[in-house]
Every structure is written in structure tokens, then in C-alpha cells.
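# Reading the structure
Listed below are the residues making up each chain.
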Amino acid sequence: MNFGQVITAMVTPFDRHGEIDFPATQKLIEHLIANGSDGLVVAGTTGESPTLSTDEKVELFQFTVNTVAGRIPVIAGTGSNNTRASISLTRQAEEAGVDGIMLVTPYYNKPSQEGMFQHFQAIAQSTRLPIMLYNIPGRSVVNMSPETIIRLSQIDNIVSVKEASGDLDAAAEIIEKTPDSFSVYSGDDSLTLPMLSIGGTGIVSVSAHIIGNDMQDMITSFKTGDVKTAAAIHRRLLPTMNALFAAPNPTPVKAALNLTGVEVGGVRLPMIPLTEEETMTLRKSLPDIHSEAVTN
């Protein structure tokens with residue numbers, strides 16, 4: 001299933017008391033739709049899901065669905081390392097009207113490949129929603145093997161994977177051995193173009209908060225055969241992508257949004273704000289963003 005070329009893993013705006021700021025969330029959603037987002041992932045890691053309560057997540061799902069009003073797909077982050085809890089949250093997300101769910105590999109308790117298979121199978125059997133798997137060994141400490149992903153792709157409503165292992169050989173094997181209807185998205189902004197070159201569908205992006213239209217241009221250039229232009233855009237965007245990951249995500253992208261006039265507030269502990277030095281370094285990358293936006 002194709003959820004679009006550029007899916008943004010949306011930050012969760014907070015007010016000065018650290019509560020979800022729904023008016024700011026509405027403005028952010030409109031900003032993202034106007035600036036290159038084909039879909040939104042809500043309450044993923046970039047949305048600070050580890051610090052959101054279940055009630056907050058469900059309220060955020062409902063609010064986003066209502067605000068988007070069918071214009072683009074809304075994908076709810078309902079995965080955890082607790083299968084029963086993931087099933088419960090998935091059912092609530094389905095009731096909220098989301099278009100799909102994203103399920104991260106179970107972190108911390110380190111299940112085997114068979115354990116992961118059974119975890120995802122159990123959640124898939126509990127819902128009619130299309131499912132995007134999310135493989136991110138750098139955060140979850142477990143790597144879902146290509147064999148497990150290929151096996152899971154045979155389940156009707158497991159339709160996609162966000163592959164953030166950084167292993168393009170593994171991604172190529174997944175693309176080769178899954179049905180054509182199964183989509184493989186890069187989970188690393190800087191690997192978007194390499195992933196496309198081996199048959200990937202697009203990107204689940206953090207940087208798209210700031211450079212979504214540019215990323216659309218890069219992907220469209222590649223898919224229409226203008227590889228030289230796509231490569232040039234990739235090289236130009238790379239410093240911006242790196243700047244947005246210079247501190248733990250989502251602190252830099254939230255700071256960048258605030259600096260460019262899209263107010264999303266701060267982060268919840270254990271995330272902390274950028275230092276003055278980090279903010280100055282990030283700010284220096286922002287004029288380039290504005291000039292890029294003007295020239296494209």
C-alpha cells in the first residue's frame with residue numbers, strides 16, 4: 001500500500017505548561033499539508049510518544065483525524081513492547097478514525113524473531129486497519145530480520161515497513177521478496193534517495209517539517225527520471241537534515257519550527273531544550289532553508 005511519497009512523523013506541540021497545545025497542533029497540521037506532506041504519523045517517537053499518556057494519544061488521534069478531514073492519510077503510532085497494550089491502543093485508534101497504524105519493534109524486552117512475528121500477527125488480527133511495521137534497531141535494540149518482514153508481508157493488512165536500520169542490502173532483499181503492493185519507506189531522511197534507487201516508495205520524515213516541498217521535488221525528480229536533479233537536491237538538503245539531528249530528536253526540529261514561525265513549544269523530559277550554542281548553530285542553517293524554498 002502506498003501512503004504517499006513524503007510522510008511526516010509529526011511532532012506533538014506543547015504549551016508552556018507542557019500540555020498538548022491543540023490550537024498549535026491544528027496550525028502545524030495545516031502547515032504540513034501545505035508544505036509537502038502526503039501523510040502524517042501521529043504519536044510516533046518524533047511525537048514524543050514515550051511521554052504521552054494513552055488518553056493523550058487517543059485525543060491526539062481524534063483531533064488530527066478531525067482536522068485533516070480526509071485530505072491525507074493519518075497513521076497512528078500504536079506500537080509498544082506490550083502486545084496487549086498495543087492491541088488496546090490500536091482498537092482506540094481505529095475508533096478514532098485513523099487510516100492506518102505504525103507498529104515499532106518491541107523495545108527493551110528484546111523478543112526473538114518468532115516473538116516479533118507473533119506480536120505483529122496478534123495485533124494485525126485485532127484490527128482491519130492497514131499496518132506499517134517500523135524497524136529501528138538503534139532505538140529498540142532489536143533488528144527485525146528481512147526474513148521476518150517478508151513473512152509478515154504475507155498477512156493481508158500488513159502492507160508496509162518503515163525501514164530505519166540503515167541497511168540498504170536488507171531493504172533491497174525486503175523489496176525483492178515482498179509483493180509489489182507492499183511498500184518500503186526509508187526511516188532515515190538522508191537515505192531517502194538511496195532507498196528510492198533500490199525500489200523504495202518514499203520517506204517517513206522528520207526533516208519534512210522544514211523542507212517537505214524540497215523532499216517532494218527530490219523524489220518526483222527521481223521518479224520521473226531526472227536523477228541528476230534529484231542527486232543535486234539530495235546533496236543540498238543533506239546539511240539541513242544533519243542539523244535537524246544534531247541533538248536528540250525531536251528537540252532540533254521543534255526548535256527549527258519555532259524559529260521559522262510555526263510555534264510548537266518545547267519538549268517533555270527526559271528530552272531537554274537545545275543549548276544556546278546548539279540553537280545558534282541550528283539558526284545558521286535556517287536562512288539556507290528560506291533561500292531554498294524561494295528558489296524551488
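Thresholds applied
Residues take numbers from 1 onward in each chain, read along the sequence in its written order. Only residues with pLDDT of at least 70 get local features here, since the model is predicted, and only at 80 or more are side-chain atom pairs given and counted; chain-wide, interface and lining totals rely on the full set of residues. To obtain the side-chain values, all non-hydrogen atoms of the structure were included, while hydrogens and water were left out. In this analysis, strands are considered paired if DSSP registers two or more bridges between them. Labels follow the DSSP assignment, with helices taken as runs of H or I lasting at least four residues and strands as runs of E lasting at least two, numbered in each case from the N terminus. For helices, the fitted line uses only the C-alpha atoms of the stretch in contact; every axis is such a line through C-alpha atoms, and the angle between N-to-C directions lies from 0 to 180 degrees. Residue contacts follow a heavy-atom distance rule, with two residues in contact if any of their heavy atoms lie within 4.5 Å. Here the expected span of a helix is defined as 1.5 Å times the quantity of residues minus one. Only protein chains enter the area calculation, which uses a 1.4 Å probe; residues under 20% of their type maximum are buried, those over 50% are exposed, and those in between are partly exposed. The salt bridge definition used is simple: a Lys or Arg side-chain nitrogen within 4 Å of an Asp or Glu carboxyl oxygen. Scored from 0 to 100, pLDDT records how confident the predictor is in each individual residue. Two rings from Phe, Tyr or Trp (for Trp, the six-membered ring) form a pair when their centres are within 6.5 Å of each other. A pair whose planes differ by under 30 degrees is stacked, one over 60 is edge-to-face, and the rest are tilted. By definition here, charges over rings are those cases where NZ of Lys or CZ of Arg is within 6 Å of the ring centre and within 35 degrees of the ring normal.

In spatial order, the strands read S1-S2-S3-S4-S5-S6-S7-S8; together these eight strands close into a barrel with parallel pairing. Strand-to-strand, the axes of this sheet are offset by a mean angle of 25°, without reference to chain direction. With four bridges joining them, strand S4 (residues 100-104) and strand S5 (residues 131-135) adopt parallel strand pairing. Note that in S5 the partner of Ile-101 across the bridge is Ile-131. Running at roughly 160° to S4, helix H4 (residues 113-125) makes contact with S4, S5 and strand S6 (158-163) of the sheet.

For helix H2 (residues 54-68), spanning 15 residues, the distance from its first C-alpha to its last is 21 Å, which sits close to the expected 21 Å at 1.5 Å a residue. When we look at burial in H2, the residues that qualify are Glu-56, Lys-57, Val-58, Leu-60, Phe-61, Thr-64, Val-65, Thr-67 and Val-68. Looking at the buried positions of H2, the neighbouring elements they touch are helix H1 (22-34), strand S2 (39-42), strand S3 (74-77) and helix H3 (83-96). The first or second residue beyond H2 is Ala-69, which carries a positive phi of 50°.

Looking now at the pattern of salt bridges. Summed over all chains, the structure comprises seven salt bridges. For the salt bridge of Glu-56 with Arg-268, the shortest nitrogen-to-oxygen distance reads 2.8 Å. Here the residue Glu-56 occupies a position in helix H2, and Arg-268 occupies one in the loop between helix H11 (251-259) and helix H12 (276-295), the gap between them amounting to 212 residues. Accessibility assignment for this pair places Glu-56 and Arg-268 in one class, buried. Close ionic contact of Lys-177 with Glu-173 constitutes a salt bridge, the shortest N to O distance being 3.4 Å. Separated by four residues within a single helix, Lys-177 and Glu-173 lie in helix H7 (residues 168-177), roughly one turn from each other.

A few words now on the environment of His-119. Relative to the helices and strands, His-119 resides in helix H4. Non-local contacts of His-119, meaning those with residues more than four positions away in its chain, are made with Ser-80, Asn-82, Thr-83, Ser-86, Val-104 and Pro-106.

For a regular strand, side-chain orientation follows a simple rule: the groups alternate between the two sheet faces. Along strand S1 (residues 6-9), one buried face is formed by Val-6 and Thr-8 and the opposite face, lined by Ile-7 and Ala-9, is buried too. Of the pairings in the sheet, the one linking S1 to S2 comprises three bridges and is parallel in character. Each residue of the ladder has a partner; that of Ile-7, found in S2, is Gly-39.

Here we come to the confidence of the model for the chain. Averaged over every residue, the pLDDT of the chain is 95; residues scoring 70 or more account for 97%. Confidence drops under pLDDT 50 across residues 289-296; counting only partners more than four residues distant or on other chains, this segment forms twelve contacts.

Applying the stated rule across the entire model yields one aromatic pair. With a centroid separation of 5.0 Å and an interplanar angle of 55°, the aromatic rings of Phe-22 and Phe-63 are classed as tilted. Here the residue Phe-22 occupies a position in helix H1, and Phe-63 occupies one in helix H2, the gap between them amounting to 41 residues. By relative accessible area, which is 18% here, Phe-22 ends up buried. We classify Phe-63 as partly exposed; its relative accessible area is 21%. Sitting over the face of the ring of Phe-117, Arg-151 holds its NZ or CZ atom 3.6 Å from the ring centroid.

With that out of the way, let us pick up unusual backbone geometry. The omega torsion of the bond from Asn-249 to Pro-250 falls at 10°, within 30 degrees of zero and hence cis. The linkage connecting Leu-269 with the following residue, Pro-270, adopts the cis geometry, with an omega of 15°. Along the chain, Pro-270 turns up in the loop between H11 and H12. Phi at Ala-43 takes a positive value of approximately 65°, unusual for a residue other than glycine. With respect to the helices and strands, Ala-43 occurs in the loop between S2 and H2. Despite not being glycine, Glu-48 has its phi angle at roughly 60°, a positive value. Position of Glu-48 relative to the elements: it lies in the loop between S2 and H2.

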